[in-house]
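Given next are the chains, with one letter for each unit.
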Amino acid sequence: MSTQSEITVVQGGRVIDPASGVDGIRSVVIRDGKIAAVAERTDVPAGARILDARGKWVTPGFVDLHVHLREPGQEYKETVATGTRAAVAGGFTSVCAMPNTVPANDNTSVTELMLARATAAGLARLYPVGAASKGRKGEDLAEYGELKAAGCVALSDDGSPVMSPSLMRRALEYSRAFGLPLAVHEEDLHLVGKGVMNEGPTATRLGLQGIPAQAEDVMVLRDLSLLELTGGRLHICHVSTAGAVRAIREAKRRGLPVTAEATPHHLTLTDEDVAASDYDTDFKMNPPLRSVADVKAVREGIADGTLDAIATDHAPHSPEEKKLEFDAALNGVLGLETAFPVCLELVRQGVLTERRLVEALTISAARCFSLPGGTLAVGAVADLAILDPGLAWVVDPVRGQSRSRNTPWKGKRLTGRCVETLVGGRQVYRLEDSP
Ligand SMILES: [Zn+2]
């Protein structure tokens, strides 16, 4: 008895797959959910489904190391279903869900619930990140072995720093024993104080309390120092300062096992945008938007690979939590549906090559947490994005796929958009079909 293979051929697109060194017009043949061939000429088997990608980029599906899907506990902001729908609409086929849910993902029942919801949604692949400490309270370590067995790919107290250096040391040692990366949100809360935006002339002018760049720098330096003691794998989330980039570059030069990510907003916006927006709280996030010099350093960090990956830190919030005075509003912005065009602007500005942009969104990200995917190599799962780099559109959060609307790019005209997304060879998003 033979089973009929399902074959899809993505034809005529510019395939950019940094992992296998391909950049050119190719056809991608997908058979039974896997990449069967990437070639300049292919015979199209009878019965194959053809996707016309002429004029488009065909890349591995993007891998986001850092999203907040809010389920369980805050489904009014986002659910696994709506969050993974936003992901595939932005070209992301794998997302790593941070553990600051309610309750926190510090035990297998939460991990299993998130995975079951993702399976039911059938959109992007979800990789849960387990809590580094019980309840993310920074007091006692969570059970890393159980979290790993349930499917967690990394550990983090993201949303909060691990303030205790001794707990941080033990978290590094314990995560090392289980072969899991420890992802850290770096801010010294004593230095943050009551700060709500980057410390500097803009904060002074706006009359808002500042957060010095050193709140991030000192924690990065501390954890790199502890990493030298313990070994293990340290991943630094949402790097936003020149000092942090410098410290990571130096640590990598010395061979320390550290990886890092930067967000689209820290690569493209500065604290002056808070002023220009007239206290719009969709420009309030943590870490805060930094100075022009910091943004320049973060850009250089992504360009030279000091910072491995672009991760969105997609952080949905309701209007009730955002439409408040700047001091009172919650931190965070959406990212999944706008990451590609926002970062493509860096290519147009000559900051990144096209290849490096795709690499930072795919294989470099996958490697940080040892995830499958991020490549179109033969035999890999057929997770891919078809992107129109020239498509201009105006961001209308009401029409977005996320349940929330807190984006600093609302009303902005962006160029570049994901038009179709495949996960395991299955079409999970098509711009034409979206409302
Ligand atoms: Zn964070």
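Residues numbered from 1 in each chain as written. Predicted model: local features only at pLDDT ≥ 70, side-chain atom pairs only at ≥ 80, totals over all residues. Heavy atoms only, no water.

### Section: the coordination of the zinc ion
Where we set the bar: Atoms of type N, O and S within 2.8 Å of a metal are treated as its donors, and for Na, K and Ca the window is 3.2 Å; water is not considered, so some sites may appear to be missing partners. Helix and strand assignments come from DSSP, with helices taken as H or I runs of at least 4 residues and strands as E runs of at least 2, each series counted from the N terminus.
The protein atoms donating to the zinc ion are Asp158 (OD), His185 (ND1) and His238 (NE2), with metal-donor distances spanning 2.0 to 2.3 Å. For the zinc ion, all donor residues lie on one chain, and their spacing in sequence is D-x26-H-x52-H. Residue Asp158 is found in the loop between β9 (154-156) and α4 (165-177), and its partner His185 is found in the loop between β10 (182-184) and α5 (189-192); the two are separated by 27 residues along the sequence.

### Digging into the sheet that holds strand β8 (residues 125-131)
Short version of the rule: Pairs of strands are assigned from DSSP output, requiring at least two bridges between the strands. We call two residues in contact whenever any of their non-hydrogen atoms come within 4.5 Å of each other. Note on geometry: axes are C-alpha line fits, over the in-contact stretch for helices, and angles between N-to-C directions span 0 to 180 degrees.
With parallel pairing, eight strands are arranged side by side in an open sheet as β6-β7-β8-β9-β10-β13-β14-β15. At either end of the open sheet lies a strand with only one pairing partner, and these are β6 (62-67) and β15 (309-310). Strand direction decides the pairing type here: strand β14 (residues 258-262) and β15, joined by two bridges, are parallel. What sits directly across from Glu261, in β15, is Ala309. Contacts from α4 reach β9, β10 and β13 (234-236) within the one sheet, and its direction differs from that of β10 by about 145 degrees.

### Description of the nonpolar core
Where we set the bar: Grouping buried Ala, Val, Leu, Ile, Met, Phe, Trp, Tyr and Cys residues that are joined through side-chain atoms within 4.5 Å yields what is termed a nonpolar core. Only protein chains enter the accessibility calculation, which uses a 1.4 Å probe; a residue is then buried when its area is under 20% of its type maximum, exposed when over 50%, and partly exposed in between.
Membership of the largest hydrophobic core comes to 90 residues, with the highest contact counts inside it found for Val10, Leu224, Leu234, Ile236, Leu307, Leu357 and Leu384. Among the elements that take part in this core, helix α13 (residues 339-348) stands out by supplying six residues, more than any other. Val196, Met197, Met285 and Trp393 belong to the second-largest nonpolar core, a separate cluster that totals 18 residues.

### Observations regarding helix α7 (residues 214-230)
Where we set the bar: One less than the residue count of a helix, multiplied by 1.5 Å, gives the span that helix is expected to have.
For α7, with 17 residues, the first-to-last C-alpha span of 24 Å sits near the 24 Å given by 1.5 Å per residue. Of the residues making up α7, those classed as buried are Ala215, Glu216, Asp217, Met219, Val220, Arg222, Asp223, Leu224, Leu226, Leu227 and Thr230. Looking one or two residues past α7, Gly231 carries a phi angle of roughly 70 degrees, positive in sign.

### A word on the pattern of salt bridges
Opposite charge on two side chains lets them pair, provided their charged atoms get close. Defined as follows: The salt bridge definition used is simple: a Lys or Arg side-chain nitrogen within 4 Å of an Asp or Glu carboxyl oxygen.
Counting across every chain of the model gives 20 salt bridges. Residue Glu250 is joined to Arg254 by a salt bridge in which the shortest nitrogen-to-oxygen separation is 3.0 Å. Arg356 is paired through a salt bridge with Glu359; the nearest N and O atoms lie 2.8 Å apart. Residue Arg356 and its partner Glu359 are both found in helix α14 (residues 354-361); the two are separated by three residues, about one turn of the helix. Judged by relative accessible area, which is 9%, Arg356 ranks as buried.

### Thoughts on the packing of α7 against helix α8 (residues 242-253)
As a reminder, the rule being used: Any angle that falls under 35 degrees is termed roughly parallel, while one over 145 is termed roughly antiparallel, one within 65 to 115 roughly perpendicular, and all others oblique. By the definition used in this description, the sense in which the near helix is turned from the far one sets the handedness, with an anticlockwise turn below a right angle giving left-handed and a clockwise turn giving right-handed. Each residue is assigned to one of three groups, with Ala, Val, Leu, Ile, Met, Phe, Trp, Tyr, Cys and Pro labelled nonpolar, Asp, Glu, Lys and Arg labelled charged, and all others, Gly among them, labelled polar.
Closest axis-to-axis distance for the α7/α8 pair is 8 Å, and the angle between their directions is 15 degrees. The orientation of α7 relative to α8 falls into the category roughly parallel. In this structure, the crossing between α7 and α8 has a hand that is right-handed. Here Glu216, Asp217, Val220, Leu221 and Leu224 of α7 come into contact with α8, specifically with Gly243, Ala244, Ala247, Ile248 and Ala251. Classifying every residue of the contact of α7 with α8 by side-chain character gives seven nonpolar, one polar and two charged.

### Quick look at the side chain of Asp271
In plain terms, the rule: Charge convention: Lys and Arg are scored as positive, Asp and Glu as negative, and His as well as the terminal groups of each chain are ignored.
One can find Asp271 in helix α10 (residues 271-276). For the buried Asp271, which has no salt bridge, the nearest side chain bearing the opposite charge is Arg290, at an N-O separation of 7.9 Å. Not counting chain neighbours up to four residues away, the residues in contact with Asp271 comprise Met197, Asn198, Thr202, Leu289, Arg290 and Ser291.

### Focus: unusual backbone geometry
The omega torsion of the bond from Glu71 to Pro72 falls at 10 degrees, within 30 degrees of zero and hence cis. By the element assignment, Pro72 lies in the loop between β6 and α1 (80-89). Phi is positive for Asp32, close to 50 degrees, though the residue is something other than glycine. Residue classification places Asp32 among the partly exposed positions, given a relative accessible area of 49%. Here the phi dihedral of Arg70 falls at roughly 70 degrees; this positive angle occurs in a residue that is not glycine. Counting through the fold element by element, Arg70 comes out in the loop between β6 and α1. For Arg70, a relative accessible area of 6% corresponds to the buried category.

### Focus: the packing of aromatic side chains
The criterion, for reference: Only centres within 6.5 Å qualify two rings of Phe, Tyr or Trp (six-membered ring in Trp) as a pair; their planes then separate them into stacked at under 30 degrees, edge-to-face at over 60, and tilted for everything else.
According to the stated counting rule, one finds five aromatic pairs in the structure shown. Each ring, one from Phe62 and one from Phe340, has its centre 6.0 Å from the other, and the planes form 40 degrees; the classification is tilted. Highlighted residues: Phe62 in strand β6 and Phe340 in helix α13, separated in sequence by 278 residues. Given the relative accessible area of 2%, Phe340 is considered buried. Taking 5.2 Å as the distance between ring centres and 85 degrees as the angle between the ring planes, the aromatic pair formed by Tyr174 and Phe178 counts as edge-to-face. You can call Phe178 partly exposed: its relative accessible area is 27%.

### Some remarks on the environment of Leu256
Its location among the elements puts Leu256 in the loop between α8 and β14. With 32 residues separating them in the primary sequence, Leu256 and Leu224 have C-alpha atoms 7.9 Å apart. Among residues more than four places away in sequence, those in contact with Leu256 are Leu224, Leu227, Glu228 and Ala251.

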